[in-house]
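Residues per chain, in single letters:
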Amino acid sequence: QVQIEESGGGLVQPGGSLRLSCVASGFIFSNYPMSWYRQAPGKEREFVARISNIDGSTIYVDSVKGRFTISRDNAKNTVYLQMNSLKPEDTAVYCCKVFYRGRGYWGQGTQVTVSS
């Protein structure tokens, strides 16, 4: 079965950096695009970034462009989210998603808190 596990969250000061990791199993990782989403307290889940399985092309929500970088290592079944110049409004639970066989699969998420 599909399993997804995120890690790397934590407490960081504004302007700081974190790298999130998402390890997936239960499907051929290299065959599927992977995405990161986030959900802040009291808000709906928001798309953050996506990376293609074909050419590695990426898409970002406007609010993180130039600050976040999504990447993948197919040999490790892992997708990363490098987050730089973090802002308090980036505080959220960050989740990884794959759309596989007609449905979306999510991990439990990892908490990112940006605060001084």
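Conventions we followed
- Residues numbered from 1 in each chain as written.
- Predicted model: local features only at pLDDT ≥ 70, side-chain atom pairs only at ≥ 80, totals over all residues.
- Heavy atoms only, no water.
- Disulfide = S-S within 2.5 Å.
- Helix = DSSP H or I, 4+ residues; strand = E, 2+ residues; numbered from the N terminus.
- Contact = heavy atoms within 4.5 Å.

## Focus on the state of the cysteines
Applying the stated criterion across every chain, the model contains one disulfide. Residue Cys22 pairs covalently with Cys96 via a disulfide, S to S 2.2 Å. Here the S-S torsion is close to -90 degrees, and the disulfide linking Cys22 with Cys96 is therefore left-handed. Here Cys22 is found in strand β3 (residues 18-25), whereas its partner Cys96 is found in strand β9 (residues 92-100), with 74 residues between them in sequence.

## Overview of the environment of Ser35
Relative to the elements of secondary structure, Ser35 occurs in strand β4 (residues 34-39). Along the chain, Ser35 and Ser116 lie 81 residues apart, while their C-alpha atoms are 28 Å from each other. Apart from residues lying up to four places away in sequence, Ser35 is in contact with Phe47, Ala49, Arg50, Cys95, Cys96 and Lys97.

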